[in-house]
Amino acid sequence: MSAYQPENPLIVQGDHTILVEVASPLYEEARDGLVRFAELVKAPEHIHTYRVTPLSVWNACAAGVPQSEICETLERFSKYTVPPHVLIEIRDFASRYGRVKLLRHPSGALVLSANDRPLAEEIARNKHVAPFLSQRLSPLEFLINASARGEIKQALVKIGFPAEDLAGYTTGEALTLALRETSLSGRSFTLRHYQSDAVGAFHAGGSTRGGSGVVTLPCGAGKTIVGMACMEQVQASTLILTTSVTAVRQWAAELLDKTTLTADLIGEYTGISKDVRPVTIATYQIMTWRSRQGDDFPHLSLFNERNWGLIIYDEVHLLPAPVFRITAGLQARRRLGLTATLVREDGREEDVFALIGPKKADVPWKVLEGQGWIAEAACTEVRLPMPLDLRMPYAVADDRQKFRIASENPDKIEVVRKLLERHKGEPALVIGMYIDQLQRLAGPLGLPVLMGTTPQRKRDELYEAFKAGRIPVLAVSKVANFAVDLPDASVAIQISGTFGSRQEEAQRLGRILRPKSGANQAHFYSVVSADTVEQDFALKRQLFLCEQGYGYSIIDSGDIE
Amino acid sequence: MKVLDINWNGFLGSLALWRTLPFDERRAFLCSSQASAGSPLEQHQPFARVMRALYANPVHEVSSRKAFDEYIDAHFTVNERSAFGTPQAARSDIHGALFRKLTSHSDWLRPFVLDATMGWEGPYIAFGQRGYLTTPSVLKATQQIVALTARDGPLAIAKLPEQFQGVAPAVLAGAIHASLRYMLLFASIRGEDLEPVIGPWPIRAPQAERAREFSPVEARDVYHEPFLLEDMTAALAACITEPFRLRSDFTLYAKAGKQIGPAMSVHPEWVTATFAIGREDRITTAVNFLQAAKLADTRKAGAGERYLMASERGMAWLPRQPKERLKDFVRFFRAPEPGQHATDSFSYHFLPYRVDWPSYMGQSPDIPKAVAAAFLDVPAGVFVTVKNLLDRNSIERNPLAPLMTRRGFYSIRIGRHLLSRPDEEEIESVWHRLLSEFLTQRLLPLGGVAVGIGSGNEICFSVTPVGRYLLTGEGDFEYGASEAAEVVVQPNFDVVFLSQATSAEAEISRFGERKGRKLGVLFHINKKSILSAANTGLTADNVMEVLTRVCSREVPANVEREIRGWFGACRRVKTRNALLLECPDKETALRVLAAARGRVRALSETVLELENTGERAALTKKLRDSGIFF
């Protein structure tokens, strides 16, 4: 194809980024093809940006997508001629996948097999890989120690020849469990089609082609359910690693509610409790705790305390470095990563690929939103002026104080009141960074406040009351950032807070994305003092949310009816 | 080694050896100053010298007047040249006369071939020499070689024995000598195979054979952009943000290039290569034109350092609509302001360079009108080749043609070309060059032509409405709005180009931060880029007007809101010089106030301000008289 094809949606650029025009009639078809071999970078309203990387191509290869199909998709949907070097490089990336395989040797050790002699020689001479090769079995095969399985995979990814790991898994300690058709809370429960697809792709019928990998689903799409369904497939003891104690409790609650597991089979391994059971749920924080810098991490021994048949890494994009290291030694166990994004702030996507496994499923959130599986979110920034009496203190304050003065603008209380009035009857969260501010606001509005110092028992009571609808509005501090699973919240009002990170913002938004009855519409408000540094911070949030594809509007406080 | 000193008989013998050498070896041999050791040609030193002499001046490939001058300087003595009977005049004029005479097929070759008899050479035999056409057989062989090469073009010398099998080698050598001596033929080395050839001076296609009508061609890779205007816009915007410091010779420092560069559009490679318009040249040209148009001027600041700063006129020009800016600029070209300095390269005149027409030559022909007519002649919307334009505008449309009939000595400078009693070919060459340079230095940079590549890879062009406006000063044109741009502003402030749109790119570059080239995310609008734009005089309405006009989708509400907010936060403050008087105490301050009689005002009890610093001397005197000293 050489001529300009305006109706096509793709522009493939020389730097391997791909622009996708959403308004094109061929958009959906192109996106469905693209998502198999490219990573979504940003998705603002009109033009989405994807990127093809060696990892994304290897993920595609691992999923059985041939390179010819990748090139064909690009050529078919591109507005302009695809830069020839991009096609060449994609062919090159793809040709590297599967040239090296990891197989099981009858002795129990592993065999690294190259598909041709020059590659075998290159591997044998590579200073990163060679240390793991214990014996040359033939011109194309090397014996390696089973304990080096993860490290050699990391090294091979680094040199650009990712290994296809066909060495299989240990079965692990058997555990019988099944998903319920009706949850304990009395609700009918079945897997959604995309959840079933993800589970099928991960398990691969129990073959060596499956059993390790990452499932990417947007916030609110039910990643926990996918994890439980994978446990049902594996039928073995499972270690679940997640981000916080609250998340641990919610995993436990979900397992009890939707599987046949009983409480005595589920253990919590946190700073509060160290209970190792056939299903153990731990936090990353406890796994990486140590008394002093330079000491060992004592709780990493949990990985070897039982014969785990499956390890689930919740929010795998947050996996800390020590867990990566221990995971390198756990390659014989099935591993499932769950995440909303493969993009890591620390850029260690390669390690996720090498140690957890390739991407097994990725469903665009727009698809799920369109099918009603997650709520539509409308993001609104409400700007209000600084009160006259605070303008001078603000003007003469240093930057840090300025931010606080602007954030704690007392007129925000009235704005929140109006917003809550607008969404009367809808479960709402008011999220703030400053406890004082939350308490000042909670008083006049009569809101219960949940913060870091709130005892767990009290928290659970508040959650319960909120879920039951007895408390329609909850004021929460930063604890709301991670894994506060409040299924019925449909409105979030952020009254203060810096733009922390992409994940943090996504998590906050994720609190309100679960499907709603009726219009299935969620609202995310940020209340910001106009013409202040707070507005500058809000701009980062605005950019992030727009790049995620959410509609973003800006209104003045006076416009709230 | 002169061609007349060569033993052509021996040379023909050595050629057989030469022809056995591969091309690379031939080239290496010709490029080295001496025959390399071990080369089979080592033993043939005279031959080597001849070959290198011929290689030095490829007259059959570069048949310019300069090549002719060098050729006769290299191979002929003054006596030999004088024997052609030229008048006693300046050396260059002798050459000019020789050139006109000896490169003319109709006046020189044809009469020789048809009519020459023994004794023809008499008038041309140099003093103290003898004739070359020594026998009838030499004369006949010379006529045959001249006739053959005049018909077929230059002939490999090695082929001569084969072509003239019945001719004795000595006669053939004599014929070569004679033809070279009387400049019937010229010798050189042919570039494509490094073969020594002999042939008449190349002549241009006869007038009758040239295309008189325009033949439309299909153009590909069409390029059309008023890049000079856009470069000037980018440079002016950059120098408003931060004035360019100038070197002592008034040239720019490299930093200015870095400031302007990101906002400049990128030409297709073929355009840059064909028209030799590199980035540095574009920056220099843009800055020079800014000064010529008085949109920017040089001012001294600080410790005598010179800066290029936007003038008030420039500040007013920049926020105008692109079409209005272009129109203004084109108008300046058509009607330069009095007193404008006209230099060769950057004159603000219609023609790219000046014509010095001496008063004793009478009234100057209307060259600008003739140039305009040549281009207006091209049918609208049609691409024609540059060659087609030049062929059509031959001698009868040449405003300089009357020079051909002028008698006596005269000299006219047209740009870089000095014409002294030029012949027809020279006059035509200057005229054609003027047309070519008008195309490349005026029409192309102003978007007056769209250029492209024809099916035979020849350069072609079409005159655009902007070009017609420049040529006539009348009519109207569309600029900016007519371009079918696929430009999208995203809610995350990215500006994405789904198709190339150079004028949209130029407009957005004034308020967007450049992120890419050609296609994709080319700009990101942010607070910094908007504040820079505000500093150049743009307003929120200007920016929104551009975005609304060039974008194919609605501008997101959050983007508009932020843009307006950022502009709204801008304030402009004025600065002025003042003199502060710091008094040691309140009483002194009161004495100063009293003595100054309204010239100073109190900023505090002890600090006073003299607003008009020009009154400093008067105040100093007044205070001194009161016993208060500075």
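Residues numbered from 1 in each chain as written. Chains lettered and ligands numbered in written order. Predicted model: local features only at pLDDT ≥ 70, side-chain atom pairs only at ≥ 80, totals over all residues. Heavy atoms only, no water.

A.B. asks: How would you sum up the overall build of chain A? Please name residues and give values.
C.D. replies: When its secondary structure is counted, chain A shows 20 helices and 23 strands. The 561 residues of chain A split such that 58% are buried. For chain A, restricting intrachain contacts to residue pairs at least 6 apart in sequence, the fraction spanning at least 24 positions comes to 70%. Element-wise, carbon and sulfur atoms account for 51% of the exposed surface of chain A, whose accessible area totals about 22,600 Å². (Helix = DSSP H or I, 4+ residues; strand = E, 2+ residues; numbered from the N terminus. Buried < 20%, exposed > 50% of the residue type's maximum accessible area, 1.4 Å probe, protein only. Contact = heavy atoms within 4.5 Å. Areas by Shrake-Rupley, 256 points an atom, 1.4 Å probe, with all protein chains shown as cover.)

A.B. asks: Could you give me a rundown of the nonpolar core, with the residues and numbers involved?
C.D. replies: Core analysis: the largest hydrophobic core is formed by 83 residues, its most contacted members being Leu 236, Phe 375 and Phe 461 of chain B. The residues that make up this core include at least three from each of domain 2 (227–319) and domain 3 (355–472) of chain B. Setting aside its immediate chain neighbours within four residues, Leu 236 of chain B contacts Leu 290, Leu 295, Ala 296, Ala 310, Gly 314, Trp 317 and Leu 318 of chain B. Counting residues in hydrophobic clusters, the runner-up holds 65 residues, among them Ala 198, Ala 236, Val 279 and Tyr 463 of chain A. (Core = buried A, V, L, I, M, F, W, Y, C linked by side-chain atoms within 4.5 Å. Domains from an automatic or database assignment.)

A.B. asks: Before we move on, can you summarise the pairing of strand E10 (residues 212–216) of chain A with the specific residues and values?
C.D. replies: The side chains of a regular strand alternate between both faces of the sheet. Of all five residues in E10 of chain A, five are buried, a share of seventy percent or more. Every second residue of E10 of chain A is oriented toward a common face, with Ser 212, Val 214 and Thr 216 of chain A on one face and Gly 213 and Val 215 of chain A on the other, all of them buried.

A.B. asks: Before we move on, could you go through the pattern of salt bridges and cite the residues and values that matter?
C.D. replies: One pass over the structure, following the stated rule, counts 56 salt bridges over all chains. The residue Asp 328 of chain B makes a salt bridge to Arg 331 of chain B at a minimum N-O spacing of 2.7 Å. Placement of the pair is Asp 328 of chain B and Arg 331 of chain B together in helix H16 (residues 322–334), with a separation of three residues, close to one helical turn. Residue classification places Asp 328 of chain B among the buried residues on the basis of a relative accessible area of 9%. Among the ionic pairs, Asp 377 of chain B bridges to Arg 397 of chain B, the shortest N-O distance being 3.4 Å. Of the two residues, Asp 377 of chain B is situated in the loop between helix H17 (367–376) and strand E9 (384–385) and Arg 397 of chain B in the loop between helix H18 (386–392) and strand E10 (411–414); the sequence distance between them amounts to 20 residues. A relative accessible area of 37% means that Arg 397 of chain B is categorised as partly exposed. Salt bridges linked by common partners bring Arg 117, Glu 121, Arg 125 and Arg 136 of chain A together as one network. (Salt bridge = Lys/Arg side-chain N within 4 Å of Asp/Glu carboxyl O.)

A.B. asks: Give a description of the packing of aromatic side chains that names residues and reports values.
C.D. replies: Enumeration over the complete set of coordinates arrives at 22 aromatic pairs over all chains. These aromatic residues form a ring-pair network of at least three members: Trp 108, Phe 112, Trp 120, Tyr 124, Tyr 132 and Tyr 182 of chain B. A cation over a ring is seen here: Lys 402 of chain A above Tyr 394 of chain A, with NZ or CZ 5.6 Å from the ring centre. (Phe/Tyr/Trp six-rings, centres within 6.5 Å; stacked < 30°, edge-to-face > 60°. Lys NZ or Arg CZ within 6 Å of the ring centre and 35° of its normal.)

A.B. asks: Can you explain the confidence of the model for chain B? Please cite residues and give values.
C.D. replies: Low-pLDDT portions of the prediction should not be read for the details of their coordinates. Residues and elements named next belong to chain B. Mean pLDDT over chain B stands at 82; residues scoring 70 or higher make up 89%. Across chain B, the secondary-structure element scoring lowest on mean pLDDT is helix H6 (residues 91–102), at 63, and the one scoring highest is helix H24 (residues 557–568), at 94. Scored below 50 in pLDDT, residues 87–91 shows three contacts in the model against residues more than four places distant or in partner chains. Ignoring residues within four places in sequence, the model shows residues 339–346, a span with pLDDT below 50, making 17 contacts including any to other chains. (pLDDT = per-residue confidence, 0-100.)

A.B. asks: Quick rundown of the interface of chain B and chain A? Include the residues and the values.
C.D. replies: On the chain A side, the residues contacting the 24 residues of chain B number 25 residues. Interface area for chain B against chain A, summed over the two sides, is near 2,000 Å², with a carbon-plus-sulfur share of 54%. Where chain B meets chain A, there are five salt bridges. Ionic pairing is found between Arg 383 of chain A and Glu 562 of chain B, a salt bridge with its closest N-O pair at 2.4 Å. Where chain B meets chain A, there are ten residue pairs in polar contact (both at pLDDT 80 or more). (Buried area = accessible area lost by both parts, 1.4 Å probe. Polar contact = N/O pair within 3.5 Å; in protein donor to acceptor, adjacent residues only side chain to side chain.)

A.B. asks: Pulling in residues and values, what's your account of the sheet that holds E9 of chain B?
C.D. replies: Residues and elements named next belong to chain B. With respect to topology, four strands assemble into an open sheet ordered E4-E12-E13-E9, the strand pairing being antiparallel. The sheet is open, and its two edges are formed by strand E4 (220–223) and E9, each paired on a single side. Where E9 meets strand E13 (residues 459–463), two bridges bridge the pair, whose relative direction is antiparallel. Within E13, the residue paired with Val 384 across the bridge is Phe 461. (Pairing = 2+ DSSP bridges.)

A.B. asks: Would you mind going over the sheet that holds strand E1 (residues 155–156) of chain B in detail, with residue names and values included?
C.D. replies: Within a beta sheet, neighbouring strands are joined by backbone hydrogen bonds and run either parallel or antiparallel to one another. All names here are of chain B. The sheet built from three strands is open, its strands ordered E1-E3-E2 with antiparallel pairing. Unpaired on one side and paired on the other, E1 and strand E2 (186–190) mark the two borders of the sheet. Here E1 pairs with strand E3 (residues 195–199) via two bridges, running antiparallel. By the bridge assignment for E3, Leu 155 is matched with Ile 198.

A.B. asks: Summarise unusual backbone geometry; cite the residues concerned and give the values.
C.D. replies: Not every positive phi belongs to a glycine, and Asp 531 of chain A is a case in point at roughly 55°. By the secondary structure assignment, Asp 531 of chain A is in the loop between strand E22 (521–529) and helix H20 (533–548). A residue is classified by how much of its surface remains accessible, and Asp 531 of chain A, at 66% relative accessible area, is exposed. For Arg 597 of chain B, which is not a glycine, the phi torsion comes out positive at approximately 50°. The residue Arg 597 of chain B is located in the loop between helix H25 (586–596) and strand E19 (600–602) in this model. We classify Arg 597 of chain B as exposed; its relative accessible area is 67%.

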